[in-house]
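Residue-level listing of the chains:
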Amino acid sequence: MQSVGPYRFTHLLGTCPVGKAWAAIDGQGRFVTVAVLDAAAANTPGWRESFAGTADAMSQTLGGQAFAYADFSAAEPWVAYPAEVGPGAEKLFRALGQEYQLVPTDDQGAAEPVSGVPQQVSGPPQSVSGVPQQVSAPPQSVSGAPHQVSGPPQPVSGAPQPTSGGSFAPWALHAGPLPTVQPAPTPQPAVDVPHSPAPVSAAPADPPSYDPFSAPVRRIKPSEPPRRRTGLWMGVAALVLVAAVGSGFGVWAVAGNDQADPDPLPTIAATAAPTAEPVEPGLKPWAQAALYSPEEHALAVAAPSLVFVEAVFTGYVRDAATNALVRPTPVSFIRRCSGFLVSSSGHAVTSGSCVAPDEDHARWIAVDALARLLVQEKKLPSGEVANYIRINLPKVRFTGAEPGTKPVSEVYGQLNNAKGNVSKEPAIQAEVVRALPAESGSTALIKLGQDNLPAVELNRSASLDQDASLFILGFRTTDTVFRNAVYRPQSKKVTVTGTSRLGSVSMYRISGDLGTVSHGGIALDPNGRVAGVIDQDQALPDKANRAVVPASTIGTLLDEAGVGNTLGDTDKIYRSGLDAYFGGDLSVAVTQLDKAAGAAPANLLAQAYRQNAAERERLDSAQGDGSGLVVPLLVGSGVLLVGLVIMAVLLVRRRSTIG
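Residues numbered from 1 in each chain as written. Predicted model: local features only at pLDDT ≥ 70, side-chain atom pairs only at ≥ 80, totals over all residues. Heavy atoms only, no water.

Asker: Teacher, can you tell me more about the overall build of the chain here?
Answerer: The secondary structure content of the chain amounts to 14 helices and 21 strands. Buried residues in the chain amount to 45% of all 659 residues. Of the contacts made within the chain by residues no fewer than 6 positions apart, 70% connect residues no fewer than 24 positions apart. Surface accessibility of the chain: about 32200 Å² in total, with carbon and sulfur atoms responsible for 55%. (Helix = DSSP H or I, 4+ residues; strand = E, 2+ residues; numbered from the N terminus. Buried < 20%, exposed > 50% of the residue type's maximum accessible area, 1.4 Å probe, protein only. Contact = heavy atoms within 4.5 Å. Areas by Shrake-Rupley, 256 points an atom, 1.4 Å probe, with all protein chains shown as cover.)

Below, the structure is given as structure tokens:
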């Protein structure tokens, strides 16, 4: 049977124009449903990002559908959902606006083709608000033929429509048609797939929980039972009893009568993610890359250093000629971006245009903010905002409380998951140390007011070749309300598409971005070091964050500020723990990661990987404890074999006598 990651597919559950939903089982016998995006869809711009973004939104929203594992960078990206929590794979495809069709079983008669040739989708996936609701009700009964959940699929003539609301989904804003995707043939169900029993009571009850491994009728039809031979089976039972007694004696003889009773084997419930009271780091590398791969290792090294940066600017809009106030009250605006720590003492690199915009840029933002205030006060029609900015921008200045002074700015940083408009804990106040202008790289160095923070190393000599693959890390949000939006660190695999220049700096152009606040984030090399910092591509109409300023420019910034890129002792312990974890030395990994987690509480990944290592070590121990049963089982099997031989001889003699 086909498999992905740790899962073996058992049978096909349903199809849609862009992928398939499978029932699967892992090595510990746990059931999941797996949504697989077809390769043709994954290679179409926008669909891989939409698939990953929607799965992430479903898992991170309160009451949503959390996935167990995922590999969004695979040729055919996939997401696995625990079967006991419902039809997660189906929900994901419906959340993408797809026409999903269940696959009928063979016992329902000659069924029509599952979906024929799927109709071509003429556009990318549209936005989805929050966690998608289940479109179809759960099956009502496992006896008899199932009721049709929804009508037969209609041809898809346009872009998939949202399943609920009109929420803005940044990952869904892509263009390009999706090629026709042919569904794979329905595989035969595995013989070891369990079936759920039918309801015991005929009285109305709550709908049964979803079980993709149950079928409306039996998948394996039993043959007619053979004629019973009571006397023969009584003899077999007696011999088995003798064998059991003999095996018990064999165990006693081998183990000795002075041994303590063995402890029961622990229940195996393994997962690559933490199981007992798991921590929730902002970024989960095991869900962003193949398990235990070098890519996961690199993400795990760098991710703790990511910082969400928020800068608040407050000043006054004045007439440039007279210094008279255009508005008597101050005007404020907020800038948000990503950053990363380069020293354990709190120094971080981020976007210069975010925390230290030049006067022209700050003035434009201030005038835009003023125009929108006037719209709220019904003093300016909403359609006149652009015209107001065009007319007034050359005539005003944005200053501090006194003419000629700079506006007041406040900068804050947050690690792991972050929330906008927060100026107290967990936000850490910061100050701008040095900033480079746009023509020199538009990067800035800030100092957070806290030490013992997780840092990342720079690769100053990094050179990114054309078509080279790399991961980018930064913050993004799916919220539509700006003020208190929640931001989470994310990663994405992109390729280098070319180079460009901005002033004296040569920049790399990349194939994708993480959203509007990812500038200042990390472009990662294969060893978990910074190859560059994400910036806006000024050549693009929307100035998307699809450019990378090389790490050598960051090195120059640090040198000018007299700040070293140094790892603290805790950073080194964390890395040694990760090396042991990915190298399979789990006891060392548990020890080192426990030290790192205790010394740097902000590094949630240290806690998460410590739990992962402890769980893997427990499983290895459980499997090792089972080896002591081999000798007793061999002794018992030998006695049973002798008994069966004696029984066979007696049966032959009996038949000879009767004949």
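Asker: Quick question: what am I supposed to make of the packing of helix α8 (residues 359–376) against helix α9 (residues 385–392) here?
Answerer: Relative placement of two packed helices is described by the angle separating their axes and the distance separating the axes. At a closest axis distance of 9 Å, the pairing of α8 and α9 adopts a crossing angle of 135°. Taken as axis vectors, α8 and α9 run oblique relative to one another. Pair α8 / α9 crosses with right-handed handedness. On α9, the residues that touch Trp 364, Val 367, Asp 368, Leu 370, Ala 371, Arg 372, Leu 374 and Val 375 of α8 are Val 385, Tyr 388 and Ile 389. (Axes fitted to C-alpha atoms, helices over the stretch in contact; angles between N-to-C directions. Parallel < 35°, antiparallel > 145°, perpendicular 65-115°, else oblique. Left-handed = near helix turned anticlockwise from the far one by under 90°.)

Asker: How do you make sense of the packing of helix α6 (residues 294–302) against helix α11 (residues 569–583) when you look at a structure like this?
Answerer: Packing of α6 against α11 brings their axes to within 10 Å, and their N-to-C directions diverge by 160°. The orientation of α6 relative to α11 falls into the category roughly antiparallel. Handedness of the α6/α11 crossing: right-handed. When α6 is examined against α11, the residues Glu 296, His 297, Ala 300 and Val 301 are found in contact with a partner set consisting of Tyr 574, Arg 575, Leu 578, Asp 579 and Phe 582. Looking at the contact of α6 with α11 residue by residue, the class counts come to five nonpolar, one polar and three charged. (Nonpolar A, V, L, I, M, F, W, Y, C, P; charged D, E, K, R; others polar.)

Asker: Where do I start with the pattern of salt bridges in this structure?
Answerer: Should the charged atoms of two oppositely charged side chains come close, the side chains can pair. For the coordinates displayed, the defined rule picks out 17 salt bridges. The residue Arg 363 makes a salt bridge to Asp 360 at a minimum N-O spacing of 2.7 Å. On the criterion of helical spacing, the pair formed by Arg 363 and Asp 360 is a turn pair, its members being three residues apart in helix α8. According to the relative accessible area criterion, Asp 360 is partly exposed, its value standing at 49%. A salt bridge links Asp 525 to Arg 529, with the nearest nitrogen and oxygen atoms 3.1 Å apart. Judged by relative accessible area, which is 8%, Asp 525 ranks as buried. Several salt bridges converge on common partners, so that one network encompasses Arg 327, Glu 377 and Lys 379. (Salt bridge = Lys/Arg side-chain N within 4 Å of Asp/Glu carboxyl O.)

Asker: Help me understand helix α2 (residues 47–60) in this model?
Answerer: Spacing of three or four residues puts side chains on the same side of an α-helix, whose turn is 3.6 residues. For α2, built from 14 residues, the straight-helix expectation of 20 Å at 1.5 Å per residue is met to within 8% by its first-to-last C-alpha distance of 20 Å. For α2, a buried count of ten out of 14 residues is recorded, marking the element as mostly surrounded by other parts of the structure. (Expected span 1.5 Å × (residues − 1).)

Asker: Please clarify how the state of the cysteines should be interpreted in this entry.
Answerer: Cysteine pairs can be linked by a disulfide, which is a covalent bond between their two sulfur atoms. Applying the stated criterion across every chain, the model contains one disulfide. A sulfur-sulfur separation of 2.3 Å characterises the disulfide bridge that pairs Cys 337 with Cys 354. The sign of the -85° torsion about the S-S bond sets the Cys 337-Cys 354 disulfide as left-handed. Here Cys 337, found in strand β9 (residues 331–341), pairs with Cys 354, found in helix α7 (residues 352–355); they are 17 residues apart in sequence, far enough to count as distant. For the pair formed by Cys 337 and Cys 354, the shared burial category is buried. (Disulfide = S-S within 2.5 Å.)

Asker: I keep staring at the nonpolar core and nothing clicks. Help me out?
Answerer: Most often, soluble globular proteins have nonpolar side chains that are buried together. Grouped together as the largest cluster of nonpolar side chains are 79 residues, with contacts concentrated most on Phe 51, Val 79, Phe 93, Phe 340 and Leu 473. Broken down by element, the residue count for this core peaks at six residues, all from helix α12 (residues 586–599). Not counting the four nearest positions on each side in its chain, Val 79 is found in contact with Thr 33, Val 34, Ala 35, Phe 51, Ala 55, Phe 67, Tyr 69, Ala 70, Phe 72 and Leu 92. The next biggest cluster of nonpolar side chains, apart from the first, holds 35 residues, and it includes Val 317, Val 331, Leu 370 and Val 396. (Core = buried A, V, L, I, M, F, W, Y, C linked by side-chain atoms within 4.5 Å.)

Asker: Even after reading the chapter, I still don't get α6, so can you show me in this structure?
Answerer: Taking burial as the measure, the nine residues of α6 include seven buried ones, the bulk of the element. Taken together, the buried positions of α6 are Glu 296, His 297, Ala 298, Leu 299, Ala 300, Val 301 and Ala 302.

Asker: Hey, could you run me through the pairing of strand β10 (residues 347–351) in this one?
Answerer: The buried fraction of β10 amounts to five of the five residues, a majority that puts the element mostly inside the structure. Relative to β10, β9 runs antiparallel, the two being bridged by three bridges. Bridge assignment links Leu 341 to a residue of β10, and that residue is Ala 348. Linking two consecutive strands that pair antiparallel, namely β9 and β10, is a turn of five residues; a positive phi of about 110° is found at Gly 346 within it. Where β10 and strand β15 (residues 443–448) come together, five bridges link them in antiparallel fashion. What sits directly across from Ala 348, in β15, is Ile 446. (Pairing = 2+ DSSP bridges.)

Asker: Sorry if this is basic, but what is going on with the confidence of the model for the chain here?
Answerer: A low pLDDT means the predicted coordinates there should not be read in detail. Overall, the prediction assigns the chain a mean pLDDT of 75, with 68% of residues at 70 or greater. Segment residues 236–275: pLDDT under 50, and 51 contacts once partners within four positions in sequence are set aside and those in other chains are kept. Confidence drops under a pLDDT of 50 for residues 627–635, and excluding neighbours within four residues, the segment shows four contacts in the predicted structure. (pLDDT = per-residue confidence, 0-100.)

Asker: How should unusual backbone geometry be read in this particular structure?
Answerer: Among all residues except glycine, the phi angle is most often negative; among peptide bonds, the trans geometry is most common. A cis amide bond, omega 15°, links Glu 425 with the succeeding residue Pro 426. For Ser 442, which is not glycine, the phi dihedral falls at a positive 50°. Within the secondary structure, Ser 442 sits in the loop between β14 (428–435) and β15. According to the relative accessible area criterion, Ser 442 is buried, its value standing at 9%. With a phi angle near 55°, Asn 452 is a residue other than glycine that sits in the positive phi range. One can find Asn 452 in the loop between β15 and β16 (469–476).

Asker: Even after reading the chapter, I still don't get the packing of aromatic side chains, so can you show me in this structure?
Answerer: When we look at a pair of aromatic rings, we describe it by the centre distance and by the angle of the planes. Considering all chains together, one arrives at 15 aromatic pairs under this definition. Ring geometry for Tyr 7 versus Tyr 69: centroids 5.6 Å apart, planes at 50°, classification tilted. Highlighted residues: Tyr 7 in strand β2 (residues 7–16) and Tyr 69 in strand β5 (residues 69–71), separated in sequence by 62 residues. An identical accessibility class is assigned to Tyr 7 and Tyr 69; each is buried. Taking 5.0 Å as the distance between ring centres and 85° as the angle between the ring planes, the aromatic pair formed by Tyr 581 and Phe 582 counts as edge-to-face. Here Tyr 581 falls in the buried class, since its relative accessible area comes to 1%. (Phe/Tyr/Trp six-rings, centres within 6.5 Å; stacked < 30°, edge-to-face > 60°.)

Asker: Please explain the side chain of Glu 296 as it appears in this structure.
Answerer: On the secondary structure map, Glu 296 appears in helix α6. No salt bridge is formed by the buried Glu 296; the nearest opposite charge belongs to Arg 616, separated by 7.6 Å. The contact partners of Glu 296, leaving out residues within four places of it in the chain, are Pro 285, Trp 286, Ala 289, Ala 290, Leu 291, Phe 582 and Tyr 609. (Lys, Arg positive; Asp, Glu negative; His and termini not counted.)

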